[in-house]
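# Breakdown of the fold
Listed here are the chains, written in short residue letters.
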Amino acid sequence: MRLALIRRDTAARGAMIAAPAVALVLTILCSLVLFAVLGKPAGTALYALLLEPFLSWYSFSEVLLKMAPLCLIAQGLAIGFRANVFNIGAEGQLVIGAIAASALPVWYPDGTSALMLPAMLLLGGLGGMAWGAIAAGFRTRFNANEILVTLMLALIAAQVLNYLLLGPWKDPAGFNFPQSVLFPDAALLPILLPGTRVNVSLLLALAASGLAWVVMRHRFSGYQLLVGGMAPRAAAYAGFSERRAIWISLLVGGLAAGLAGAAEVAGPLGQLQRSVSTGYGYSAIIVAYLGGLNPLGIVLSSFLVSALFIGGDNAMVSAGLPVAAVWVFQSLLLVFYLGGLAFLRYRLVVMHRPAQSVP
Amino acid sequence: MAAPPLLSLEGISKSYGAVRANRGIDLTVDPGQVHAILGENGAGKSTLMKLIYGVETPDEGRILWKGRPVTLANPADARALGIGMVFQHFSLFETLSVVQNIALIVPGSRATLAGRIRDLGREFGLEIDPDAMVHDLSVGERQRVEIIRCLLRAPDLLILDEPTSVLPPQGVERLFATLRALRTKGMAILFISHKLEEIRALCDVATILRAGEVTGRLVPRDHSAADLATRMIGRNIPPPAHPVAHDLGEVRLELAGLDHAAEDPFGVSLSGLSLAVRGGEIVGIAGISGNGQKELAALVSGEIAQPALRRDTVRLMGQPVGDTGVAGRRRLGLAFVPEDRLGRGAVPEMSLADNALLTAHGQGLVRRGFIARAAERAFSARVIAGFDVRSRGPEAEAGSLSGGNLQKFIMGREILLSPKVLLVAQPTWGVDVGAASDIRQRLVAMRNDGVAILVISEELEELFEICDRLHVLHKGRLSPSLPTRTTTTEDVGTWMIGGRAA
């Protein structure tokens, strides 16, 4: 007897729903072992990781707050991933977007114009696109791998941020902390849910999700990107331009990340500081794949990952979990889910050998 | 009691999902016998050979080797018993020499092996230089290497899967001489083919398969080719509608001194290709695969675009298009059926409807940038109905179709684009005989409607049947134009191996 994976005729809808559920159960089982080995209270830890984010209005609003940038960036990245263009450096595009958006309030700290905020978002988006465009140019002109270029550009973006915060953009009245001046009210996003930090960037993320769904599902341009990702030779045969796919993917990814960066400085931070770069750009990669690169799936997965982040923060406090254990928990979930996705296209078959003997 | 047969199969069945590839097959092979397995593509020949060679295991039935039941779990078991197989697609490393390739599988020092290779070569007409690099060898020579590799293990049974499909006519004669010499030594040979004349010339016995079942056992010499064809297909096929000469239109596709340097070391460079295809004629490109067919197709389709300086070397509808991409050439009225279906002519994970969109997006399937789903379904339904594509309908994934059905879908899609110029590579590869004859009739009908058609094919019979003129492609060079009415198979065969017709 042996096991074999057999390709299915069509993707199994059931597996699409079962995969996340099975992944969650397996993650919990493994974590129980992990917590036991660490000598941490497993019940408290799981309670903090999985339930606490939903048990208080404040925790839940923080989930929604973190969900917005994750969802927005992941929607942008997913379009590229489906076209086989792997923008790994959304974090850098987010940082450059945040810097570009911050230029206005830093230069006009007393500004009151109603145009300030839209202009900041525009600059943020353009900044992110410009950072993505560098990688697109290197890929199309010199065939330089976009995975490496975007990743290295993210490191450069981090240094640009450092330079600005330690030098020209440092708040003169800020006790030498590496941060900019506090932004004026005209540079801050309106709060969406009173009494919380949730701002309208959540709506922006949901609108981007709807747009991504329309483009990838119903637009011919989205179809061309899909073909390029699934079967590059078929795209070449049909005459769909690969260069165009690369440019669109990196520009859209950069735009989304840049907007998310602008929304961070104009939202919960209220100034440009180092903590604008907390890894949303990297986590969004996980969010995009966890959501099956599907616009609707990404809305759900961004919510789930955001809740896990909040839960992880809680668990570090209430169960005394080390941060590494939180990361292991989050990574287990992703590994089990992606493993489960294999059953979407393949089914496990037990092969029996005929009962005969070799003489 | 008489000696048991070398190999016998009793009631062998094998299913893949709902497809019953082999049903209750009985087969007996004796030593010193050349046994043909005759059947259309999809009749179950390959499955049966995989069962005998241990690549697959049967669901039901017994395999007896020299009278004793055996289980063949993998090819190693089969080789240990004394079964050798030469596949249609060779498994040789091009960067290694002949003896290095053989030493990977057959034990022994290189010097000993080289000696044995020379001995076998002399004895069976399989001369080959053991130190030659495989990438320098012709397809026929590579086949000899594969056969020698099997013979070095002194098998009792040799299986050959469509061995003549890669050979020019002269090469076929030489292979048959080798096989006859092996037969006199007492070796049994299973010879898989759908070429009736070859089977009549070579084989002692034939077993005919149709839809997975044995439908006949006979001595092929005692039957006419037409009789064998009817038994193989199960009905009479209409005689080909021979194209009648008629007035030709303007030159629609023209190559003028087209050169192409291969990018990878084992690609084929093309030099000085010139040809012209007028509206209302079918021009064929004959030749053995690997002589530049892939490169030629890509240069005509636009998948390989040339520098602007050489834009005049390819002209489409009178316009220079050498530096134009695929989309631009398609807009001028070019349609193209590539030789690879999955991953090039179609996206396996997408539905047939979405695969229609791949090249038919200009047929009202996209409105203001949005995919018109109803039009997309209707177009693919027309292809499915018009070309007898066996599938679950427009929603079926392309990857779930058999090769022949997907070929019919791609062919139908490109024909429904109503092209001015149609480029077809291997129009009937893997398509059953009936459907292949339909496809050829469609091509001839398009020609009669004034379409310019360029067909690249390995099947000489097919080219002679539908083409007005032929060129032979050999090592990246084209022969002069050969009108099919005044050219013989032997002439073409001579060009195919690089000679000049007398």
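Overview of the structure. Please read all numbers here as calculations on a predicted model, not as lab measurements.

Procedures and definitions
- Residues numbered from 1 in each chain as written.
- Chains lettered and ligands numbered in written order.
- Predicted model: local features only at pLDDT ≥ 70, side-chain atom pairs only at ≥ 80, totals over all residues.
- Heavy atoms only, no water.
- Helix = DSSP H or I, 4+ residues; strand = E, 2+ residues; numbered from the N terminus.
- Buried < 20%, exposed > 50% of the residue type's maximum accessible area, 1.4 Å probe, protein only.
- Contact = heavy atoms within 4.5 Å.
- Areas by Shrake-Rupley, 256 points an atom, 1.4 Å probe, with all protein chains shown as cover.
- Lys, Arg positive; Asp, Glu negative; His and termini not counted.
- Charge placed at Lys NZ, Arg CZ, Asp CG, Glu CD.
- Salt bridge = Lys/Arg side-chain N within 4 Å of Asp/Glu carboxyl O.
- Polar contact = N/O pair within 3.5 Å; in protein donor to acceptor, adjacent residues only side chain to side chain.
- Nonpolar A, V, L, I, M, F, W, Y, C, P; charged D, E, K, R; others polar.
- Axes fitted to C-alpha atoms, helices over the stretch in contact; angles between N-to-C directions.
- Parallel < 35°, antiparallel > 145°, perpendicular 65-115°, else oblique.
- Left-handed = near helix turned anticlockwise from the far one by under 90°.
- Patch = residues over 30% accessible without salt bridge, like charges linked within 9 Å, V, L, I, M, F, W, Y side chains within 5 Å.
- Pairing = 2+ DSSP bridges.
- Phe/Tyr/Trp six-rings, centres within 6.5 Å; stacked < 30°, edge-to-face > 60°.

So, about the overall build of chain A. The helix and strand inventory of chain A stands at 13 helices and two strands. For the C-alpha atoms alone, the extent of chain A along its principal axes is close to 90 × 60 × 35 Å. Taking all 359 residues of chain A together, the buried fraction comes to 49%. For chain A, restricting intrachain contacts to residue pairs at least 6 apart in sequence, the fraction spanning at least 24 positions comes to 78%. As displayed, chain A offers around 16,500 Å² of accessible surface, 70% of which is attributable to carbon and sulfur atoms. Averaged over its 20 positive side-chain charges, chain A has a centre that lies 19 Å from the centre of its 11 negative ones.

With that out of the way, let us pick up the interface of chain A and chain B. Where interface size is quoted, it is often the accessible area lost as the parts come together. With 28 residues of chain A at the interface, the matching set in chain B holds 42 residues. Inspection of the chain A/chain B interface yields one salt bridge. The tally of links between chain A and chain B comes to twelve residue pairs in polar contact (both at pLDDT 80 or more). Of all the elements in the fold, those that place two or more residues in the side of chain A that touches chain B are α7 (201-218), α8 (220-230) and α9 (232-238) of chain A. Of the residues assigned to the side of chain A that touches chain B, the class counts are 16 nonpolar, five polar and seven charged.

This part is about the packing of helix α12 (residues 373-386) of chain B against helix α13 (residues 403-415) of chain B. Residues and elements named next belong to chain B. Packing of α12 against α13 leaves a shortest axis separation of 9 Å and a crossing angle of 120°. Between α12 and α13, the angle is such that the two are oblique. Crossing of α12 over α13 shows right-handed handedness. Every residue of α13 that contacts α12 at F379, S380, V383 and I384 is listed here: F409, G412 and R413.

The next point concerns the environment of A:L272. All names here are of chain A. With respect to the helices, strands and loops of the structure, L272 is situated in the loop between α10 (242-269) and α11 (280-290). For L272 and A98, which are 174 residues apart along the polypeptide, the C-alpha to C-alpha distance reads 7.3 Å. Setting aside anything within four residues of it in sequence, one finds L272 in contact with A98, I99, S102, L161, L165, W169, Q179, S180, F183 and V265.

Let us now look at a nonpolar patch on the surface. All names here are of chain A. A contiguous nonpolar patch, built from L3, L5, F343, Y346, L348 and V350 and spanning about 540 Å² of accessible area, is present on the exposed surface. If you list the elements that add at least two residues to the nonpolar patch, you get β1 (2-7) and β2 (346-351). It is β2 that contributes the most residues to the nonpolar patch, three residues altogether. Structurally, L348 is set in strand β2. Given a relative accessible area of 47%, L348 falls into the partly exposed group.

On to the sheet that holds strand β9 (residues 205-210) of chain B, then. Paired through their backbone hydrogen bonds, the strands of a sheet run either parallel or antiparallel. Residues and elements named next belong to chain B. The mixed open sheet is built from six strands, whose spatial order is β6-β7-β8-β3-β9-β10. The open sheet has two edge strands with one neighbour each: β6 (83-86) and β10 (213-218). Going across the sheet, the axis of each strand differs from the next one's by a mean of 20°, ignoring polarity. Relative to β10, β9 runs antiparallel, the two sharing five bridges. By the bridge assignment, I208 is partnered in β10 with G216. Against the sheet, helix α5 (residues 139-151) touches β6 and β7 (157-161), its axis set at about 170° to β6. The strands touched by helix α6 (residues 169-184) are β3 (34-38), β7 and β8 (188-193); relative to β8, the strand with the most contacts, the crossing angle is about 150°.

Let us look at the side chain of B:H223. With respect to the helices and strands, the residue B:H223 is situated in the loop between β10 and α8 (225-233). In contact with B:H223, other than residues within four places in its own chain, are B:R200, B:L218, B:L228 and B:R231.

A few words on the packing of aromatic side chains. All names here are of chain A. Inspection of the entire model under this criterion finds 14 aromatic pairs over all chains. Where F81 meets Y289, the ring centres are 5.2 Å apart and the plane angle is 20°; that geometry is what we call stacked. Taken as a pair, F81 in helix α3 (residues 57-82) and Y289 in helix α11 lie far apart in primary sequence, 208 residues in all. One aromatic cluster is present, formed by F54, W57, F60 and F303 through successive ring pairs.

In this section: the pattern of salt bridges. In the structure shown here, the tally under the stated rule is 36 salt bridges over all chains. The closest approach of N and O atoms between B:D204 and B:R183, which form a salt bridge, is 2.7 Å. Of this pair, B:D204 sits in the loop between α7 (196-202) and β9 while B:R183 sits in helix α6; the two residues are 21 residues apart in sequence, bridging distant segments of the chain. In this structure, a network of salt bridges that share partners links the residues A:R233, B:E303, B:E339, B:D340 and B:R344.

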